[in-house]
Amino acid sequence: MIDHRLLNAFVRDIFLAMGCPESEATLAANVLVSADLRGIDSHGVARLSGYVRLMDHGRLNPKPQMRIIHETPSTAVLDGDAGLGLVVAPRAMEIAMEKADKVGTGWVAVRNSNHFGIAGYHASMALERDMIGWSMTHAGPLVTPTFSKERLLGTNPICVAMPAKEEPPFLLDMATTTAAYGKLEILQRKNLDTPTGWVQDADGQPTTDANAVRKGGALLPLGGDREHGSHKGYGLGAMVDLFSGILSGANYGPWVPPFATAGFMAAEEGVGIGTGHFLGAMRVDAFRPADEFKTHLDQWIRRFRSAEGLNGESVRIPGDPEREMEAIRRTEGIPVLAPVIADLKSLGERFGVSFPGEMNNSPSV
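What counts, and where the lines are drawn
Residue positions are given per chain, counting from 1 as you read along its sequence in written order. Given that the model is predicted, a residue must reach a pLDDT of at least 70 before its local features are reported, and side-chain atom pairs must reach 80 or more before they are shown or counted; all residues, however, enter totals for whole chains, interfaces and linings. As a rule here, side-chain values come from all non-hydrogen atoms in the structure, and water together with hydrogens is ignored. DSSP bridges decide pairing: two strands pair if at least two such bridges lie between them. Counting from the N terminus, the helices are DSSP H or I runs at least four residues long and the strands are E runs at least two residues long. In protein, a polar contact requires one atom able to donate a hydrogen and another able to accept it; more generally it is a pair of N or O atoms within 3.5 Å, and residues adjacent in sequence count only if both atoms are side-chain atoms. In this analysis, two residues are considered to be in contact whenever any of their non-hydrogen atoms come within 4.5 Å of each other. Remark: exposure states derive from per-residue accessible area (1.4 Å probe, protein chains only) relative to the maximum for the residue type, with buried under 20%, exposed over 50%, and partly exposed in between. Each Phe, Tyr or Trp ring (for Trp, its six-membered ring) is paired with any other whose centre lies within 6.5 Å, and the angle between the two planes then decides the class: stacked below 30 degrees, edge-to-face above 60, tilted in between. One less than the number of residues in a helix, times 1.5 Å, gives the span that helix is expected to have. Arc definition: directions from the helix axis to the C-beta atoms. Salt bridge, as used here: a side-chain nitrogen of Lys or Arg that lies within 4 Å of a carboxyl oxygen of Asp or Glu. Only residues whose relative accessible area exceeds 30% and that form no salt bridge are eligible for patches; like-charged ones are grouped when within 9 Å, while nonpolar side chains (Val, Leu, Ile, Met, Phe, Trp, Tyr) are grouped when within 5 Å. Note that accessible areas follow from Shrake-Rupley with a 1.4 Å probe, and for residues the cover is restricted to the protein chains shown. Only buried residues count toward a nonpolar core, which is a set of Ala, Val, Leu, Ile, Met, Phe, Trp, Tyr and Cys residues joined through side-chain atoms within 4.5 Å. For helices, the fitted axis covers only the stretch in contact; all axes are lines through C-alpha atoms, and the angles between them, taken along N-to-C directions, range from 0 to 180 degrees. Each angle receives one of four descriptions, namely roughly parallel if under 35 degrees, roughly antiparallel if over 145, roughly perpendicular if within 65 to 115, and oblique otherwise. Polarity classes work like this: nonpolar for Ala, Val, Leu, Ile, Met, Phe, Trp, Tyr, Cys and Pro, charged for Asp, Glu, Lys and Arg, and polar for all others, with Gly in that last group.

This brings us to the sheet that holds strand β9 (residues 218-219). With antiparallel pairing, the three strands of this open sheet are ordered in space as β8-β7-β9. Of all the strands in the sheet, the pair left with one neighbour each is β8 (206-207) and β9. Here two bridges tie strand β7 (residues 199-200) to β8, and the two strands are oriented antiparallel to one another. The residue of β8 that forms the bridge with Q200 is P206.

The subject of this paragraph is the side chain of N114. Among the structural elements, N114 can be located in the loop between β3 (105-113) and α5 (119-124). Among the polar contacts made by the side chain of N114, one reaches the main-chain carbonyl oxygen of R59 at a distance of 3.2 Å. Excluding residues that lie within four positions of it along the chain, N114 makes contacts with L54, R59, L60, A82, G83, G85, T275 and H277.

So, about the pairing of strand β5 (residues 158-162). The element β5 is largely enclosed, with a buried count of four among its five residues. Direction of pairing for strand β4 (residues 131-137) relative to β5: antiparallel, over a ladder of four bridges. Among the inter-strand pairings, W134 is bridged to a residue of β5, identified as V160. Both β5 and strand β6 (residues 170-174) contribute to a ladder of five bridges, which runs antiparallel. In the sheet register, A161 faces β6, and the bridge partner there is L171.

Another point: the packing of aromatic side chains. The relative placement of two aromatic rings is captured by the distance of their centres and the angle of their planes. The tally for this structure, following the rule as stated, stands at nine aromatic pairs. Consider the rings of F10 and F355, whose centres lie 5.1 Å apart with planes at 85°: the pair is edge-to-face. With F10 in helix α1 (residues 4-17) and F355 in the segment after α10 (338-351), this residue pair connects regions lying 345 residues apart in the sequence. Owing to a relative accessible area of 2%, F10 belongs among the buried residues under this scheme. Chaining the aromatic ring pairs together yields one cluster made of W107, W134, F243 and F278.

Take helix α8 (residues 290-305) next. Compared with the 22 Å implied by 1.5 Å per residue over 16 residues, the 22 Å span of α8 between its first and last C-alpha is a close match. Residues of α8 that are buried: A290, F293, K294, L297, D298 and I301. The buried residues of α8 all sit within an arc of 145° when viewed along its axis, so they share a single face. Across from the buried face of α8, at angles greater than 90 degrees, the exposed residues are Q299 and R303.

For I328, the position within the fold is in helix α9 (residues 320-332). With 180 residues separating them along the chain, I328 and S148 place their C-alpha atoms 41 Å apart.

As a further point, take the pattern of salt bridges. Pairs can form between side chains of opposite charge once their charged atoms are near each other. Counting across every chain of the model gives 22 salt bridges. With its nearest N and O atoms 3.1 Å apart, the salt bridge here joins D13 to R12. Among the ionic pairs, D285 bridges to R283, the shortest N-O distance being 2.6 Å. Using a relative accessible area of 45% as the deciding quantity, one classes D285 as partly exposed. Residue R283 is classed as partly exposed on the basis of its relative accessible area of 22%. Among the charged side chains, a network of salt bridges with common partners joins E166, E167, R302, R305, D320 and R323.

What follows concerns the environment of P258. By secondary structure assignment, the location of P258 is in the loop between α7 (230-246) and β10 (275-283). Between the alpha carbons of P258 and G140 there is a distance of 3.8 Å; along the sequence they are 118 residues apart.

On to a nonpolar patch on the surface, then. On the surface, a nonpolar cluster with roughly 380 Å² of combined accessible area is contributed by L222, L236, M239, F243 and L247. Exposure remark for M239: the relative accessible area of 32% places this residue in the partly exposed category.

Once that is clear, we can look at the nonpolar core. Counting residues in hydrophobic clusters, the biggest one holds 40 residues, and the most contacted among them are V11, I14, F15, L48, Y51 and L84. Counting residues per element, the ones that place at least two in this core are α1, α2 (22-37), α3 (48-56), α4 (85-103) and α10. For this core, the leading source of residues is α2, giving eight residues. If you look at the next biggest cluster of nonpolar residues, it comprises 23 residues, including A96, F116, A126 and A281.

Let us now look at the packing of α3 against α10. Each pair of packed helices gets described by two things: the angle between the helix axes and the distance between those axes. Packing of α3 against α10 leaves a shortest axis separation of 9 Å and a crossing angle of 45°. Here α3 is positioned oblique relative to α10, judged by the angle of their axes. Contacts between α3 and α10 involve L48, S49, V52, M55 and D56 from the first element and D343, L344, L347, R350 and F351 from the second. The residue makeup of the contact of α3 with α10, split by class, is six nonpolar, one polar and three charged.

The next subject is unusual backbone geometry. Non-glycine residue F147 carries a positive phi angle of around 75°. Looking at the element boundaries, F147 is found in the loop between β4 and β5. On the basis of relative accessible area, F147 is assigned to the exposed category, the value being 73%. Despite not being glycine, N311 has its phi angle at roughly 55°, a positive value. Here N311 lies in the loop between α8 and α9.

See below:
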């Protein structure tokens, strides 16, 4: 169990050692550790070595000069100059919110970026300004369309964040696959199988082998198979790819460069520039008074939470599990698996950064 503040400082110092400016290293560390705090371990500090590998392979610029290459009063295309997606995506959201302040909504397509961490971090930036935040990104091809053996799409997450009044915000942050690849990595480290419906093998047959994708298999779209609606997950993933890739001028489909996950560095010749994202902000009062909207969202949340549960379970709203986990981990620390600790210590040795020790039962804030 590692105190989140010590883990954050370690990650920041690694980004600094990579050559990132201090403000960007701090932001990137905040994005990564926020994933671990929320219980999304697949997108947290376990991903740090991947960014280092991107830099080693010449695919990551630690000091990007981001620039708007096209814009209207409500839209823009941002070129991320091969920077950390952890930094490029928040800049895109800032631009979207600036435009929403002026004209009601703002939408920014991003090209020439890299893996941007959890979509929820970026969409949630809009909440404090009484805006609805949107965030999506495509990723390297590890996912097969329904009825195919070829990997043509990424896990391609979608996030929508809506501000409430007295209740916590509505925060839907989901991959368009049955599971993100990072969850397979967690199972691989624990030497466990996957649930049915997560992956198929190289011949297109169902399997529970957590290493199936490394062996030429594929992740499955949300739904798992046609009978359970995988065509809908495929459609959602395709939509994210079109917004993030074709609309922005980034690569798309099988040409999206993969993240530096072990065994997935090679990319096909590009049809665009880098990885793409799509972010948006909608001012609530562009539709109805913000206070009125938030009051009704409170009512919606309370009604759904009061629904009669099954088998002793209670109904949650999107965002509840992550908030509950964050409350625990801010106090008890972040659990980091031994293989991840070994990986982080190796990075620390390379860059001259000491890895923090375990917690001493002192509460964090």
